[in-house]
Amino acid sequence: MRSVAWDDGAVKMIDQRALPWRLEFARLETVAQVAESIRNMTVRGAPAIGASAAFGMALAARESAEADMRSLLAFLEQQGELLKTARPTAVNLAWAVERMLEVAHSGECKTADELREALLLAAQQIADDDVSINRRMGAHGAALVNDGATILHHCNTGSLACVDYGTALGVVRAAHEAGKRLHILLDETRPRLQGSRLSAWEMEELGVSYAIIPDTAAGYYMQNGEVDMILVGADRIAANGDVANKIGTYQLAVLAAAHDLPFYCVAPTSTVDLALPCGDEIPIEQRDSAEVTTPYGVAIVPAHYQARNPAFDVTPHHYVTGIVTEHGIARPPYTKSLARAVRGKI
Ligand code: MRU
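Just so we're clear, the structure is a prediction, and the values are computed from it rather than from any experiment.

Residue position: T167 is located in the loop between strand 4 (150–153) and helix 6 (168–177). The class for T167 is buried, based on a relative accessible area of 6%. Residues within four places of T167 in sequence aside, it is in contact with P47, N134, M137, T157, C162, G233, V266 and P268.

The following block contains the structure:
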């Protein structure tokens, strides 16, 4: 089952807000609805929002009745901006919109209808590529995982966060499918609880042994010698290997270094932003403080209490043991290895 797909003139996606209690699907018929579904996290996870945006662009082309190519292209540019600004940190979103605009501007389509068809094919290709890329990352990453390993994992990076299979949890899946016995400690990832709600649901589906832990228990388990490696995904990776990922990733990396544990990031090269020399310039999404004070509608403090809610942080590259990409594992110095990975050869 894919988390995001084209469905007879609409974008169909798993509503990730309803899991693990209910497996529900949202059917989106306008590009504005797709942008809103990214903003309100019906769909989330860097590759999944990239694929959603690609399908959103295909939808935009169909929404416009323009027969004139220039007007249609102008409309697509405008809708691309709407999608790109839905969430700021994951570069896959802008990457997917840019890929779709490249197709639109390639000059290969002579009519507006041809362009509509070409955009749908391009979006479908982005979705299909995501799955095959994840499988390749899974194979590279599984080689790092020992039989019997306990892996600490942050947020949700599985099939839900992608079109299918997953990045860091794709590595877990590949190692599991190769017959390795694993135990996964799943950070809950307050406040949206992607670890406990979504990653645990995926582990249940796959039959992998796991335990949800409070985010604050990670150091305890490392200190007790109960963690063999840490696996995380990424929302954006700067040219020097600084990694933006779900809030709390940075503190895990520092703890991993303190306990001499390998800390691996698993991400496709579409997550690498070579335009940014280092992580300082990665925009960090600040979400509504109500997600902290009133998670999923349950008020844990009076409504007027103050809170802050950064959704991501940046882990400096010197804490990162390696970055697993679809082309192999990038190692320090990342400025060289990531540039090679983006060119398709490590
Ligand atoms: O806010 P989210 O749930 O979209 O954040 C997701 C993450 O931080 C993931 O770790 C990241 O997107 C990598 S997912 C393959």
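A cluster of nonpolar side chains, contributed by M1, L23 and F25, occupies part of the molecular surface with about 300 Å² of accessible area. Relative to the assigned elements, M1 resides in the segment before strand 1 (4–6).

With that settled, the discussion passes to the pattern of salt bridges. Oppositely charged side chains may form a pair once their charged atoms are brought near each other. Tallying each qualifying case throughout the model produces 18 salt bridges. A salt bridge links R17 to D15; the shortest N-O distance between them is 2.9 Å. Classification of D15 by relative accessible area gives buried; the value is 10%. Among the salt bridges present, the one from R87 reaches E285, with a minimum N-O distance of 2.9 Å. Linking R87 in the loop between helix 3 (69–84) and helix 4 (91–105) with E285 in the loop between strand 11 (272–273) and helix 10 (290–293), this pair joins segments that are 198 residues apart in sequence.

For the ligand, the set of nearby residues contains 19 residues, the closest of which are R44, R87, D235, N245 and K246. Here Q194 contributes a side-chain N or O atom positioned 2.8 Å from an oxygen atom of the ligand. Taking N245, its side chain carries an N or O atom lying 2.7 Å from an oxygen atom of the ligand. Relative to its free-state accessible area of 410 Å², the ligand is covered by the protein chains to the extent of 100%. Of all the secondary structure elements, the ones that give two or more residues to the shell around the ligand are helix 2 (46–63) and strand 9 (243–246). Its residues placed into classes, the shell around the ligand shows eight nonpolar, seven polar and four charged. Residue contributions to the shell around the ligand reach at least three from each of two domains, namely domain 1 (4–134) and domain 2 (140–342).

Its domain assignment divides the chain into domain 1 (4–134) and domain 2 (140–342). Distance between the C-alpha centres of domain 1 and domain 2: 25 Å. The partner domain 2 presents 32 residues to the 28 residues of domain 1 that form the contact. Between domain 1 and domain 2, a total of about 2600 Å² is buried, with carbon and sulfur atoms accounting for 58% of that surface. Viewed at the interface, domain 2 and domain 1 are joined by one salt bridge. Here domain 1 and domain 2 share 16 residue pairs in polar contact (both at pLDDT 80 or more) between them. For the side of domain 1 that touches domain 2, the secondary-structure elements that each account for two or more residues are helix 2, helix 4 and helix 5 (112–142). Class assignment of the residues belonging to the side of domain 1 that touches domain 2 gives a composition of 17 nonpolar, six polar and five charged.

Turning next to helix 11 (residues 334–342). Those residues of helix 11 lying buried are Y334, S337, L338, A339 and A341. Phi turns positive one or two residues past the end of helix 11, at G344, with a value near 100°.

Moving on: the environment of A90. Inspection of the secondary structure puts A90 in the loop between helix 3 and helix 4. Residues A90 and E285, 195 residues apart in the sequence, show an inter-C-alpha distance of 9.4 Å. If we ignore the near neighbours within four places in the chain, the residues touching A90 are A46, I49 and D235.

The next subject is the nonpolar core. Ranked by size, the top nonpolar core spans 48 residues in total, and within it V11, I38, L76, L83, M100 and L115 carry the most contacts. Within the residue set of this core, elements represented by two or more residues are strand 1, strand 2 (11–14), strand 3 (25–28), helix 1 (31–39), helix 2, helix 3, helix 4 and helix 5. Considering each element in turn, this core owes the most residues, twelve residues, to helix 2. In contact with L83, not counting residues within four places along its chain, are V31, V34, A35, I38, A53, G56, M57, L93 and V97. In terms of nonpolar packing, the next biggest core, distinct from the first, is built from 25 residues, A217, V243, L261 and C265 among them.

Contact pair helix 2 / helix 5: the axes reach a minimum separation of 8 Å and the direction vectors enclose 170°. By the angle between their axes, helix 2 is roughly antiparallel relative to helix 5. Contacts from P47, A51, A54, F55, M57, A58, A61 and R62 of helix 2 reach helix 5 at R116, E117, L119, L120, A123, Q124, I126, A127 and D130. A per-class count over the contact of helix 2 with helix 5 returns twelve nonpolar, one polar and four charged.

What counts as what
Residues numbered from 1 in each chain as written. Predicted model: local features only at pLDDT ≥ 70, side-chain atom pairs only at ≥ 80, totals over all residues. Heavy atoms only, no water. Helix = DSSP H or I, 4+ residues; strand = E, 2+ residues; numbered from the N terminus. Buried < 20%, exposed > 50% of the residue type's maximum accessible area, 1.4 Å probe, protein only. Contact = heavy atoms within 4.5 Å. Patch = residues over 30% accessible without salt bridge, like charges linked within 9 Å, V, L, I, M, F, W, Y side chains within 5 Å. Areas by Shrake-Rupley, 256 points an atom, 1.4 Å probe, with all protein chains shown as cover. Salt bridge = Lys/Arg side-chain N within 4 Å of Asp/Glu carboxyl O. Near = heavy atom within 4 Å. Polar contact = N/O pair within 3.5 Å; in protein donor to acceptor, adjacent residues only side chain to side chain. Nonpolar A, V, L, I, M, F, W, Y, C, P; charged D, E, K, R; others polar. Domains from an automatic or database assignment. Buried area = accessible area lost by both parts, 1.4 Å probe. Core = buried A, V, L, I, M, F, W, Y, C linked by side-chain atoms within 4.5 Å. Axes fitted to C-alpha atoms, helices over the stretch in contact; angles between N-to-C directions. Parallel < 35°, antiparallel > 145°, perpendicular 65-115°, else oblique.

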